[in-house]
Amino acid sequence: MARPAVLVALLVVLVPIGVMLFKPVAKAIPTGPNIITVDTTDDPGTSDECSLRAAITNANNKGSDANSTCAAGTGNDLINFSVSGTIQLDNTLPAIVNSSGGSLTIDGIGQTITIDGHNGGSPVQILVVNTGATLNLNELTIENGDFNDGGGVSNGGTLTVTNCTFLGNEAVDA
């Protein structure tokens, strides 16, 4: 029969070893997308504003454009809006160019956002998704875009559209 003092000594030595051996491994906590908040419906906007055009530029460049107040892009970005209204374009928004696992989401949830390709002059194409790029559109209206290969959106990559409205867009083969 073992003595109580020997049992206590064994417990004092073995319990810490057992804890170290069976300690759970820390798991990586997944992080969400980087958020860039558009605070104006002006296009292109001023250096005191974060326009949609500047937000896309930052997301594409994985950095910060000195000509806006938009957050820097990271390659996995979410553009949301703190304003409602119509963004009238004089020219096409910057092409979506992310790749290598990155994605861009433009999300109008909670606001009423219309992106209009006709600002009084000739209508323009609204969005272009380059080959290999990923764009997710949510809760937006895309209207009055006009171009040969896609007035509202010309998609060469991966495009997911959720709860969006497309009105008056035209793609005419030249």
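Structural notes, computed from the coordinates. Residue positions are counted from 1 within each chain, in the order its sequence is given. Only residues with pLDDT of 70 or above have their local features reported here, since the model is predicted, and side-chain atom pairs are shown and tallied only from 80 upward, although totals for entire chains, interfaces and linings are computed over all residues. Only hydrogens and water are removed before side-chain values are computed, so all heavy atoms of the structure are retained for them.

1. What to know about the sheet that holds strand E7 (residues 134-138)
- Here, any two strands with at least 2 DSSP bridges between them count as paired. Secondary structure elements follow DSSP: runs of H or I of four or more residues count as helices, runs of E of two or more count as strands, with numbering from the N terminus. Taken in spatial order, the five strands make up an open sheet running E1-E2-E4-E7-E11, and their pairing is parallel. Sheet topology places strand E1 (34-38) and strand E11 (158-162) at the edges, where each strand pairs with a single neighbour. Across the sheet, the mean angle from the axis of one strand to that of its neighbour is 15°, orientation sign disregarded.
- Taken together, the four bridges between strand E4 (residues 103-107) and E7 define a ladder with parallel strand orientation. Note that in E7 the partner of Thr 105 across the bridge is Asn 136. All axes here are fitted lines through C-alpha atoms, helices being fitted over the stretch that makes contact, and every angle between N-to-C directions spans 0 to 180 degrees.

2. Here we look at the sheet that holds strand E8 (residues 141-143)
- Pairing in this open sheet of four strands is parallel, and the strands run E3-E5-E8-E12 from one edge to the other. Both outer strands of the open sheet, strand E3 (85-88) and strand E12 (165-167), are each paired with one neighbouring strand and no more. Averaged over neighbouring strand pairs, the angle between their axes works out to 20° when direction is ignored.
- Bridge analysis of strand E5 (residues 113-116) against E8 gives three bridges, and the strand direction is parallel. Its bridge partner being in E8, Thr 114 is matched across the sheet by Thr 141.

3. With respect to the environment of Gly 73
- By the element assignment, Gly 73 lies in the loop between helix H2 (52-61) and strand E2 (76-81).
- Whether a residue is buried, partly exposed or exposed follows from its accessible area with a 1.4 Å probe, protein chains only, as a fraction of its type maximum: under 20%, in between, or over 50%, in that order. On the basis of relative accessibility, which here comes to 7%, the residue Gly 73 falls in the buried class.
- In the structure, Gly 73 is positioned 16 residues away from Thr 57 in sequence and 8.3 Å away in space, judged by C-alpha atoms.
- In what follows, a contact means two residues having at least one pair of non-hydrogen atoms within 4.5 Å. Setting aside residues no more than four positions away along its own chain, Gly 73 makes contact with Asn 34, Ile 36, Asn 58, Ala 59, Lys 62 and Gly 63.

4. Focus: the nonpolar core
- Grouping buried Ala, Val, Leu, Ile, Met, Phe, Trp, Tyr and Cys residues that are joined through side-chain atoms within 4.5 Å yields what is termed a nonpolar core. Core analysis: the biggest nonpolar cluster contains 30 residues, and Leu 52, Ile 56, Ile 79, Ile 106 and Leu 127 have the highest contact counts within it.
- Secondary-structure elements contributing two or more residues to this core are E1, H2, E2, E4, E5, strand E6 (127-129) and E7.
- Considering every element that reaches this core, the biggest residue donor is H2, with five residues.
- Apart from the residues lying within four places of it in its own chain, the contact partners of Ile 56 are Ile 79, Leu 93, Pro 94, Ile 96, Leu 104, Ile 106 and Leu 127.

5. Some remarks on the pairing of E4
- Across the five residues of E4, five count as buried, placing the element largely inside the fold.
- On E4, burial covers both faces: Ser 103, Thr 105 and Asp 107 on one face and Leu 104 and Ile 106 on the other are all buried.
- Note: E2 against E4, four bridges, orientation parallel. Following the sheet pairing, Asn 76 is matched in E4 by Ser 103.

6. What to know about unusual backbone geometry
- A cis amide bond links Asp 43 to the next residue, Pro 44, at an omega of 15°.
- Within the secondary structure layout, Pro 44 lies in the loop between E1 and H2.
- With a phi angle near 65°, Asn 144 is a residue other than glycine that sits in the positive phi range.
- Within the secondary structure, Asn 144 sits in the loop between E8 and strand E9 (146-147).
- One non-glycine residue with positive phi stands out, namely Asn 163, at about 50°.
- Mapped onto the elements, Asn 163 comes out in the loop between E11 and E12.
- The class of Asn 163 is exposed, set by a relative accessible area of 55%.

7. Overview of the environment of Thr 37
- Considering the arrangement of structural elements, one finds Thr 37 in strand E1.
- Put simply, Thr 37 and Leu 78 are 41 residues apart on the chain and 8.2 Å apart in space, counted from C-alpha to C-alpha.
- Setting aside residues no more than four positions away along its own chain, Thr 37 makes contact with Cys 50, Asn 80, Phe 81 and Ser 82.
- In terms of polar contacts, Thr 37 uses its side chain to reach the side chain of Asn 80, at 2.8 Å. Under the rule applied, a polar contact is a pair of N or O atoms within 3.5 Å (in protein, one hydrogen donor and one hydrogen acceptor; residues adjacent in sequence only if both atoms are side-chain atoms).

These figures come from the coordinates and say nothing about function on their own.
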